[in-house]
Amino acid sequence: MVKRKNVSISEDDGESGLINENGKVIFEDKEKKKRIKTKSLYRQPTVNELNRLQETETLFNSNLFRLQVEEILQEVKVKEKVEKRFLQWFTDFKNHLDSIPTDDTEYDLTEHTLTKKIKVKLPISEELKKTKCVFKFHKFETVDIVGSYALGCAINSKLVVDLQITVPSQTYTKNDSINYRYHKKRAAYLAYIASYLSKSDIIVDLNYSFINGCETKPILILKPAGKLQNHLSVRINLVCDTDTFKLHRFSPKRNNLRQSWLFSTTESEETDSPTPYYNSSILYDVTALNNEKLLRDTLLNSENLKQAVVLLKIWLRQRNIPISGQIVNNIVVYYVQTKRVNNIMSSYQIVRNIWIALKTSEWDKKGISLCKAADATPSLEEFHQNFPIVFIDSTGYYNICWQICKGTYYALKRECALAVEMLDNVKINSFIPLFMTPVKMLMKFDHILRFKNMELLKTSVLDKVSKDDKLNYGLDRLMLVTDTVYSLLAKGLGDRVHLILQMVEADFTWPVKKVLSAAKTDSCYEEKLAFGLILNKDNALNPVEKGPPANLPEALEFRAFWGDKSELRRFQDGSITETCVWEGEATAERRGITKQIINYLMDLKYGVKGSDLFHVMDQLDSVLVRKQYAGESSAHCEEACLDVLRAFDELRRDLRQLTELPLDISAVYGTSSVFSYSRPVPPVARPAPRQPYRRAGACLLKQASRRDGLPSLPHYTPVSRAVIELGHSGKWPGDIEAFRCLKAAFHLQISDRLTEQYSLITHAYPSHVDVLKNGLVFRLAIAHPKEITLLKREIENGVVKHKDSEESARLQRDTQLMPRLRGALHGLHQKYPAFGPTACLFKRWLSSHLLSPPHFPSVTAELMAATVFLHPQPFTPPTQPTIGLFRVLRLLAATDWTSEVFVLDFNDDLTREQITELEQAARADPRGRSVCIVTAQEREVGLACEPGPPPPALRRAQALAASALAYLENSLLNEFNDNLLPMFVPSLSEYDVQIVLHPSLVPEWAERVCAPPRRRPPTPHVGDELIPVVDFHPVLTYLDDLRSAYGDFAVFFHDLYGGEVIAVLWKPDVDEYEDFQALNANALIPETVDGETRYKVNKEAIIEDFRILGQGLVKSVNVL
Amino acid sequence: MKATKRTHDFKALALKLNDDSSCPHYIYFKEHSVREHTKDKPAGRTIFIVNVPPYADEKGLTNAFSEAGPISSVKLCIKPNTMEDDIPKFISEKQKKSFQVAYLVFEKVSALDRALQLSELKPLNSESYRIKTGIQKWIEEFNKEILQPKTLKENIEAFMKKYDSETAKEKKKEKKLEQEDDEGWVTVTKGGKIQSFARTEKVENKILEKEEKNKKRKELKNFYTFQIRESKMKHIVMLRQKFEEDKKKIAQIKQSRRFKPF
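Chain B is annotated in an unreviewed UniProt entry as RRM domain-containing protein of Bombyx mori. The UniProt entry for chain B carries the following text under Sequence similarities (unreviewed entry): "Belongs to the RRP7 family."

Under an unreviewed UniProt entry, the name given to chain A is Nucleolar protein 6, and the organism recorded is Bombyx mori. UniProt's Sequence similarities (unreviewed entry) comment on chain A is quoted here verbatim: "Belongs to the NRAP family." The Subunit (unreviewed entry) field of the UniProt record for chain A holds the comment "Part of the small subunit (SSU) processome, composed of more than 70 proteins and the RNA chaperone small nucleolar RNA (snoRNA) U3."

Structure, rendered in structure tokens:
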């Protein structure tokens, strides 16, 4: 009832507020009330508000999305202040240009008369010298602002304002379109303007550059003087009047560049092949005015369309797809014309519709056109024959996408598909990956191909391409090379890849007073070309490339393409086909097949050797190989894990078939990380110990010492843990100790039965039973939910209550959560075979920086790796472990772990509500999670996962990850550095004390990252005789002692995988004086300060204790 | 003030492991005096020691205090406690290394005074006894864990026998309670004939839930006009709430400089 009253009052208020706008004084006290009421959630909604609330549901994805869109648009908008200043500057600039003097002299451009006079060099390459033409400067009429800035859809960062000067048509003659005469005159015109501008004082940094890397089309780049230069730069482009040339001269089938000119031959052939590419470079200028007008007409007054353009541009720029803003504008205009989008739609709807349209477009086969009058213009087929991608402008002659490679277009389509997928995925906030996350090259691709020697590549490829192609591309050789290599890769890799994208870095600017070639050598300019591949995980690892059957004519073509690699093979199904077979037995080796193919093809086709190529893909695979077994197939982590899994499956079957047990075994689950392929150094079967002391099935340790006085210890053998679930029974005792005793009895019985029924070597302990199978030791323990309940039980006022204790939480994690989680992670590895190795690499990396558990729990590390595969946005799940590691590092470094929550839904069966519930539960976890990654499994058994690393360790890991990424980017993308192992070298200088251990006593010492692989083959495992000494890890035992005894004073760090140093860091308050209390007197030493006895921590004695506790293991203790 | 006063009760002396140890820990000890003395810590003969280093053991402490006089027992524990042994455990917990406290009982009262007068302690290690630490100790512990199946079986049987007899005793006791007492009262227990529900949290919650449900079932929800109006309002409120929440989220993201795309 109270609520209703509120409503009626606020209604009154609203009306009176409206009517009495000038009568505020009367309502002053009411105003106050009103403000309070507007905050109430139960106020009467206004029409506006209702509309807005409903709109967001229909027109935008969600409230959040809409608000974010608004924010980002605000952020990238050009500031009003800048706009004002620029307008002022532009007026000055225009006035200045208007006063450019006319010049009636005619210059012969083959001589230096012009350059001598204007004292500015022509922005043109040496090769155009042979083009003869006469130039005369005619004054232009206006300077216009064009492009994004003029339309109002510019992006604030790296803002470039496009100015356009229309060259009067009398500058060119009818035949200037031929043999680069047009380009040369254009360059001269530009130089003339440049020379005039160079004297102006409202301009700084006057430079030449090229449009889109097209070497024959120079432009001017300059910065306005004053404060404005921090905000923007200005680009001056020259275009020509629409009536300068007849458009049909440039239709795709026409030739405008003669062979005789390009190859400097004298005989002129009658049939010069068409030069669509060259034609387009002129058409760009001829059609510019028309196209600009169309953009203006459609976009200028359509606010929502403009917002959509800005969003699309942000999205593209984050993805580094080389599609210019101009093309984006044209795409939007096209879809407005075809009525797929209109200005009434919200920007979100426009963007979404365009993505959906682009996703299904086929510009490589069915091009699109803005031209309405289709009668006289060349047909679409004509364009398709001559261009890879077709998007025709309003005149019907110019292909807007003339410079777009197939790779770029496919990348665009793929990104559109991904974008729509992200929008439809209600489980994530798609805005961040769509617009906010930069998609870096190193993260995006599974395999990057780089060229060490660009000049060599260019010459060897140009040697092999046809004359027609050369003629078509003219002087734009880089483009020709890129296209040629692209089509080779596309053909060679076929369905092994989802995408091949070329990445060209050829932007070059140089001062107007310098000659182009000189400027290039001065600034060590180098063109950079790289190809990024996204692999198809289903096909990329296939070692056999099956061709057509031998009797078909296609076989000949196949053979011609693959050369000697292709051979006739007969398959099991009886077919005989041409086939290429690549090397690779282990999965890890097969991941390198794409590299093999590329190396082979580049050598076969262009004679470019593998040593001139640089692949970013498998640099860290060596870390995944067990050094002691190098050369064996079981050396690879994955294969060794697979051996364990196989043995475990057999054991599992045996266990289920055990008879004569009081309760049947209903299930057996593995819990160790080896069962999800994520144990970096997996166990390998070893020969039985020699002359052992034995007690039943187990082996005892000997108190023996070696010749050098050190104790001799057996090889470290890890165990693989699993839990056993028994059939239901109500007879378990209700007392925890009796329960455990009964469990021990079961362990004993299982051990007996296994020995009797399957003659396996076993040994029972009170808490578990060890079983030897195929030389591998499995540690089985019975799990029963009642044990957890018993541990939780507490009696309060006669009522039995259940409360979580540390012990019960641990038991719950080990017996309920981990079996399920391990199963899910195993499934994840089956789906994405790169998961296991990625997790291994990440754990190795963490550990190598001394952040092994408990500083960084291994489950947290595994879940982080899983996050990369389950929440890959904006990327797709990686297929190479090395790339996987980069992604995990990025995730670790770039995520704000205090606020972000990831829900891992392995089977994709949670609803949105369940996910939100889990998110909230994880945030509210009473143990306080530092890393919020919750799994669907935790919904079933309760939040039992480890709460993650302590915050200081997490911060350190994040800092290390950030610097590792910087290092990787530099060595892989700037240098050609194949050895990335330095990223595994820790810095020990920041610690206070170092405890150095005897290397020979450190388990897995031979497996260090820097250890050399052993060449001697290990003794093979013969038969199961005796369980070796298992799980005896002196270093971990020592660390346990140290942590429990001195955890209050210091923190201990160690590399789990063969680290011979324990680094110690004192806690920050260790040097402070403390009060003496009987309960808190640990490690205190009395000290007399100013006649008073005070107490502080006895650091020296503790350091001495390190030696005492680690007697035999510790080599030396160094205080730094 | 209190703290300093208490410290003066304690006597601090360096406790070396060997004769040549250079940086020893200091142990603090005094006469053990509490209101109720137990049998194993008799008054007048017991000293209470704190800050005993993790590696020290009973025999080592006996060595250290050997000059004061013959020692009858040493008891080491993690925390000072007056309680006697608690419930027997089947799997004894592994003792974690840490600083300890000790109760050292001399045979004679005079030895205690002498101990409090000591100016120096003997090292823990004597010629006849050396404390095992490091690898040697770990090997010993490891081997101790491995039992013959026969021994394990015996342990289990012994424990279960004890447990069974104890539960039988308990049952008897309960049976006894079940009988009417002098005034005619009967105590309701788990095993008795009289049916009752278990007094656990779960059962209590269940009962409460059931009641709530019953209450809800009787209610009409979409009947009166005001109810319909209110449900509409609720929808709007929900939308608003979501809007507010999202706004908050944005503010948060904004704060963490997240809206600069480049």
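K.L.:
Which parts of the structure should I look at to understand the overall build of chain B?
P.N.:
A tally of helices and strands in chain B yields seven helices and five strands. Its helices and strands taken in sequence order, chain B reads α-β-β-β-α-β-β-α-α-α-α-α from the N to the C terminus. Counting contacts in chain B only where the partners sit at least 6 residues apart, residues at least 24 apart contribute 65% of the total. Roughly 19100 Å² of accessible area belongs to chain B as shown, and the carbon and sulfur atoms make up 51% of that amount.

K.L.:
Help me understand the pattern of salt bridges in this model?
P.N.:
A pair can form between side chains of opposite charge whenever their charged atoms are brought close. Residues and elements named next belong to chain A. Scanning all chains against the criterion turns up 47 salt bridges over all chains. For E292, the salt bridge goes to R296, with nearest N and O atoms at 3.9 Å. With a gap of four residues between them, E292 and R296 both fall in helix 10 (residues 276-299), about one helical turn apart. The class of E292 is buried, set by a relative accessible area of 12%.

K.L.:
How should the sheet that holds strand 29 (residues 993-997) of chain A be read in this particular structure?
P.N.:
Within a beta sheet, neighbouring strands are joined by backbone hydrogen bonds and run either parallel or antiparallel to one another. All names here are of chain A. The strand order across the open sheet built from four strands is 30-31-29-34, with neighbouring strands paired in antiparallel fashion. For this open sheet the edge positions go to strand 30 (1050-1054) and strand 34 (1114-1119), each flanked by a neighbour on one side alone. Between one strand axis and the next, the sheet turns by 20 degrees as a mean value, whatever way the strands run. Contacts from helix 36 (residues 1099-1109) reach strand 29, strand 30, strand 31 (1061-1066) and strand 34, with the element oriented near 160 degrees to strand 34.

K.L.:
What is the right way to read the interface of chain B and chain A from this model?
P.N.:
A common way to state how big an interface is: give the accessible area lost once the parts meet. Contacts between chain B and chain A engage 71 residues on the former and 97 residues on the latter. Summed over both partners, the interface of chain B with chain A buries about 7800 Å², with 68% contributed by carbon and sulfur atoms. Across the chain B-chain A interface, the total number found is 17 residue pairs in polar contact (both at pLDDT 80 or more). Mapped by element, the contributors of at least two residues to the side of chain B that touches chain A are helix 1 (2-9), strand 2 (25-31), strand 3 (46-52), helix 4 (134-145), helix 5 (149-178), helix 6 (201-218) and helix 7 (225-255) of chain B. A per-element tally of the side of chain B that touches chain A places helix 7 of chain B first, with 18 residues. Along the lines of polarity and charge, the residues of the side of chain B that touches chain A split into 39 nonpolar, 13 polar and 19 charged.

K.L.:
So what exactly am I meant to see when it comes to the nonpolar core here?
P.N.:
General note: in soluble globular proteins, nonpolar side chains tend to be found buried as a group. One finds W355, F842 and W845 of chain A to be the most contacted residues of the largest nonpolar core, which totals 260 residues. Leave out the neighbours within four places in its chain, and W355 of chain A touches L312, W315, C416, A419, V420, L423, L434 and F435 of chain A. Counting 81 residues, the second-largest nonpolar core is a separate cluster that includes F1076 of chain A together with V50, I71 and F142 of chain B.

K.L.:
Please explain the pairing of strand 28 (residues 932-935) of chain A as it appears in this structure.
P.N.:
Side-chain direction in a regular strand flips from residue to residue, so the side chains alternate between the two faces of the sheet. Residue and element names in this part refer to chain A. Residues of strand 28 alternate between two faces, with C932 and V934 on one and I933 and T935 on the opposite face, all of them buried. The sheet contact formed by strand 27 (residues 901-904) and strand 28 spans four bridges and is parallel. Pairing of F902 across the sheet is with I933, part of strand 28. Taken together, strand 27, helix 32 (residues 912-923) and strand 28 form a β-α-β motif whose crossover is left-handed.

K.L.:
Any chance you could explain the confidence of the model for chain B here in plain terms?
P.N.:
As a general rule, the predicted coordinates of low-pLDDT regions are not to be interpreted in detail. Residues and elements named next belong to chain B. For chain B, mean pLDDT is 81; residues scoring 70 or higher make up 89% of the total. The weakest mean pLDDT in chain B belongs to helix 1 at 47; the strongest belongs to helix 4 at 89. Overall, residues 1-7 carries pLDDT values under 50, and its contacts beyond four positions in sequence, including any with other chains, amount to three contacts.

K.L.:
Before we go on, may I ask you to explain helix 5 (residues 80-98) of chain A in this structure?
P.N.:
Since the α-helix turns once every 3.6 residues, residues separated by three or four places project in the same direction. Residues and elements named next belong to chain A. Here helix 5 is 19 residues long and its end C-alpha atoms lie 27 Å apart, about the 27 Å a rise of 1.5 Å per residue gives. Taken residue by residue, helix 5 has V82, F86, W89, F90, F93 and L97 as its buried positions. The arc enclosing the buried residues of helix 5, seen along the axis, measures out at 115 degrees, which places them on a common side. Exposed side chains of helix 5 directed beyond 90 degrees from the buried face belong to E80, K81, K84, L87 and Q88.

K.L.:
When you look at the side chain of H636 of chain A in this model, what are you seeing that I'm missing?
P.N.:
All names here are of chain A. Residue placement: H636 occurs in the loop between strand 17 (613-616) and helix 25 (637-656). Relative accessible area serves as the criterion here: at 12%, H636 is assigned to the buried category. Residue contacts for H636: discarding those within four places in its chain leaves A586, A588, E589, L624 and V625.

K.L.:
Could you clarify how one ought to interpret the domain arrangement of chain B in this entry?
P.N.:
Along its sequence, chain B is carved into domain 1 (2-133) and domain 2 (201-255). Averaged C-alpha coordinates put domain 1 of chain B and domain 2 of chain B at centres separated by 63 Å.

What counts, and at which threshold
Residues numbered from 1 in each chain as written. Chains lettered and ligands numbered in written order. Predicted model: local features only at pLDDT ≥ 70, side-chain atom pairs only at ≥ 80, totals over all residues. Heavy atoms only, no water. UniProt positions renumbered as here; feature names shortened; annotations may be inferred. Helix = DSSP H or I, 4+ residues; strand = E, 2+ residues; numbered from the N terminus. Contact = heavy atoms within 4.5 Å. Areas by Shrake-Rupley, 256 points an atom, 1.4 Å probe, with all protein chains shown as cover. Salt bridge = Lys/Arg side-chain N within 4 Å of Asp/Glu carboxyl O. Buried < 20%, exposed > 50% of the residue type's maximum accessible area, 1.4 Å probe, protein only. Pairing = 2+ DSSP bridges. Axes fitted to C-alpha atoms, helices over the stretch in contact; angles between N-to-C directions. Buried area = accessible area lost by both parts, 1.4 Å probe. Polar contact = N/O pair within 3.5 Å; in protein donor to acceptor, adjacent residues only side chain to side chain. Nonpolar A, V, L, I, M, F, W, Y, C, P; charged D, E, K, R; others polar. Core = buried A, V, L, I, M, F, W, Y, C linked by side-chain atoms within 4.5 Å. Right-handed = clockwise from strand over helix to strand, strands pointing away. pLDDT = per-residue confidence, 0-100. Expected span 1.5 Å × (residues − 1). Arc of directions from axis to C-beta. Domains from an automatic or database assignment.

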